[in-house]
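Report on the structure
Next come the chains, spelled out residue by residue.
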Amino acid sequence: MSTINHKTWLSCNHTGQEYSGSQSVASCCSFTVFLFQCVDQTGRRCCADPRGVSSTRPSRGALLPSVIKQLPVTFCDLVSVSLRDSRPARYLTFSKDGTLCADGSVVSTFDLPKTALLEFSPLNNILVTWQPYTKTQDSPQGDANLQLWELPSGRLVKALYQKKVDSWCPKWTEDEKVCVRSVNNELHFFENNDFNSIANKLHMQKVSDFAVSSGPQPCKVAIYVPGSKGAPSFVRLYQYPVLGGPGAALANKSFFKADKVAMQWNQKASAVLVTASTEVDKSGASYYGEQTLHYLGVNGETALVQLAKNGPIYDAAWSPNSSEFCVVYGFMPAKATVFNLKCEAVFDFGTGPRNAAYYSPQGHILVLAGFGNLRGKMEVWDVKKYKQVSTPQAPDATFFSWCPDGEHIVTATCAPRLRVSNGYKIWHYTGSVLQKHDVAEGAELRDVRWQPFPDGTFPERPIRYQVATSELGSTQAAPTQAYRPPALRHLPAAPSSKLEAKPDPEPQSAPAPVSHSQSEASGGSGDPEMDKKIKNLNKKLRAIEELKEQQASGKVLQKNQVEKIQKEEQLLKELQALQVKP
């Protein structure tokens, strides 16, 4: 097996003392952008590069080296990171393919004293830098604070004004043939990185956000317009360059109760998930406001995703196969459900302490996790068999990321969310800790990232259920047990109905149909499979009855809800056939 290198960038807030006996932090307000070409000794790009984003306080933050010992596994070796500049660093990023901005040969250097954010175009032809917009006596109108630089020559291609940090970076298609930028109430489209002429415009009153599709041409864009004066908010999909006219929109979805949205394209650019949220829940049921999840397909289909439990929507994530998505939702303990493109539930993971979902880059593993104000429990699932692989525990973790190889993950405790016990761990998905690093006292870790790789670099591997060997061991969550008085602990455990957990009551709204579930059917004909089918059919029929009552009361149903009602006769025939079987 070939040896692949991990490299780690650490970023620290420091108080002036020496770090690992090496070098004290300089107080300096200037900032230089270095671009490095990342190659290992054999010419292959390095596997992973967790990196840290340094302090936003320029007089305190500095990018510092950390010598890390070799991992006790054959898959990868860790090497130290060389220090390029002792002056404070504010931000660090990788190019999409991982070939730029890592340890190696210098490609370009830019002296940009006030730069706060930077980003690469997909093919590494353009570097975008942003600094806060300011006015001075010498420049009452302010200077252009968004700059586009040609790589590797370092030539300034265009300087633009971008006052707000929201949507600061232009968005490219993967081939860089189209670039989109939001300007007031318009979207400006540029072609082939020619920023001196606007190739096309999309004008829409009060456009506040947009998302460009990934994947191949043709380019598609989703735009969001917030509601006002009693009018609903809406999201529309367009395919470039058809942006005007009555039939230009590929799909349109209107909804109320939306102060902001998060839009996610799947990798095939065939559909968008829109999480709409309000800042305040007027009913007072949730501190986090109200959220709804909407589906829009480029074929014109739209739907409100029906969730089986009331409460916040913590996360929604597309599978890399673009044919299903996972949603974590509901008051704690939260539910997690996988849906298909018809917004029908495919698998229900039940409830647990979780608020995030992460698919592996290959899409064969799903991690459900509870970070932030939860205790860091992770549930690792084989999504082809819907079988649980491991349950590692990462207390106080605020960050999670998959390695591009689909075998390793990194969890970290970062500032400013937590300013104590900062550090990171590298895991195998079976639950073993392969490497651990704690930041020195008085320092803060701001961010950690894997070095990216082009899609398809790492093929899917068979899923392992046996814990990978490691000197640091594993942190599998111990199964919880009911409390037993000391006088009874020598006796065998006996089941007690008083100690059994009761399932959460289902809401009155129509639950989404579930074709597979962890819960088992009980009672009935004596055949578990037949009982399960009958139970699911009855559940679907009850949902249809509630939809018919809503329709009779004058409520306008979604397209997928009408389709469910049309299936009633077919479901009744299936139920009758099962009930007459001997």
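In this report, we go over the structure that sits alongside the text. For clarity, every value in this text was computed on a predicted model and none was experimentally measured.

**Points about the overall build of the protein**
Helices and strands together make up the secondary structure of the protein, namely three helices and 34 strands. Residues counted as buried form 49% of the 582 residues belonging to the protein. A separation threshold of at least 6 residues defines the contact pool for the protein, and within that pool the share at least 24 residues apart is 53%. Counting every atom, the protein has about 29100 Å² of accessible surface; 51% of that belongs to carbon and sulfur.

**Focus: the side chain of K335**
Along the chain, K335 falls in strand β25 (residues 334-340). At a separation of 2.8 Å, a polar atom in the side chain of K335 contacts the side chain of D348. Other than its neighbours up to four places away in sequence, K335 contacts A308, K309, V327, V328, Y329, D348, G350, T351 and R354.

**Side note on the packing of aromatic side chains**
Each pair of aromatic rings is reported with the distance of its centres and the angle of its planes. In the structure shown here, the tally under the stated rule is 16 aromatic pairs. Taken together, a centroid distance of 4.9 Å and an interplanar angle of 70° make the contact between F347 and F349 edge-to-face. Assigned by exposure class, F347 and F349 land together as buried. Members of the aromatic cluster, each reached through a chain of ring pairs, are F347, F349, W381 and Y386. Sitting over the face of the ring of F234, R236 holds its NZ or CZ atom 4.3 Å from the ring centroid.

**Structural notes on the sheet that holds strand β32 (residues 408-413)**
Pairing in this open sheet of four strands is antiparallel, and the strands run β31-β32-β33-β34 from one edge to the other. The open sheet has two edge strands, β31 (399-402) and β34 (433-438), and neither has a second partner. On average, adjacent strands in this sheet sit at an angle of 15° to one another, irrespective of strand direction. Sheet topology places β32 next to strand β33 (residues 423-428); six bridges connect them, and they run antiparallel. Following the sheet pairing, H408 is matched in β33 by H428.

**Considerations on the side chain of Q561**
Assignment of secondary structure puts Q561 in helix α2 (residues 559-566). Q561 sits in the buried class, given a relative accessible area of 5%. If we skip the residues at most four places from it in the chain, Q561 touches Q306 and L547.

**Some words on the sheet that holds strand β15 (residues 209-212)**
Sheet architecture is open: four strands sit in the order β15-β16-β17-β18, paired in antiparallel fashion. On the outer flanks of this sheet lie β15 and β18 (251-255), each paired with one strand and no other. Going across the sheet, the axis of each strand differs from the next one's by a mean of 15°, ignoring polarity. Two strands pair when backbone bridges link them, and β15 and strand β16 (residues 220-225) are joined in this way by four bridges, in the antiparallel orientation. For F210, the partnering residue across the bridge sits in β16 and is I223.

**Structural notes on the environment of S254**
With respect to the helices and strands, S254 occurs in strand β18. Between the C-alpha atoms of S254 and S233, which are 21 residues apart in sequence, the distance is 5.6 Å. Non-local contacts of S254, meaning those with residues more than four positions away in its chain, are made with P232, S233 and F234.

**Let's talk about the environment of L368**
Of note, L368 is situated in strand β28 (residues 365-369). A residue is classified by how much of its surface remains accessible, and L368, at 0% relative accessible area, is buried. Between the C-alpha atoms of L368 and P353, which are 15 residues apart in sequence, the distance is 9.2 Å. Aside from chain neighbours lying at most four places away, what touches L368 is C326, V328, A336, F349, R354, A356, A357, K377, M378, E379 and W381.

**A closer look at unusual backbone geometry**
Going from Y240 to P241, the amide bond is cis rather than trans, its omega being 10°. Within the element layout of this structure, P241 appears in the loop between β17 (233-239) and β18. For the peptide bond that leads from M332 to P333, omega is 0°, which places it in the cis range. The residue P333 is located in the loop between β24 (324-329) and β25 in this model. A positive phi angle is found at K257, which is not glycine, with a value near 55°. On the secondary structure map, K257 appears in the loop between β18 and β19 (260-265).

So, how was this worked out
Residues numbered from 1 in each chain as written. Predicted model: local features only at pLDDT ≥ 70, side-chain atom pairs only at ≥ 80, totals over all residues. Heavy atoms only, no water. Helix = DSSP H or I, 4+ residues; strand = E, 2+ residues; numbered from the N terminus. Buried < 20%, exposed > 50% of the residue type's maximum accessible area, 1.4 Å probe, protein only. Contact = heavy atoms within 4.5 Å. Areas by Shrake-Rupley, 256 points an atom, 1.4 Å probe, with all protein chains shown as cover. Polar contact = N/O pair within 3.5 Å; in protein donor to acceptor, adjacent residues only side chain to side chain. Phe/Tyr/Trp six-rings, centres within 6.5 Å; stacked < 30°, edge-to-face > 60°. Lys NZ or Arg CZ within 6 Å of the ring centre and 35° of its normal. Pairing = 2+ DSSP bridges. Axes fitted to C-alpha atoms, helices over the stretch in contact; angles between N-to-C directions.

Keep in mind that these numbers describe shape and distance, not what the molecule does.
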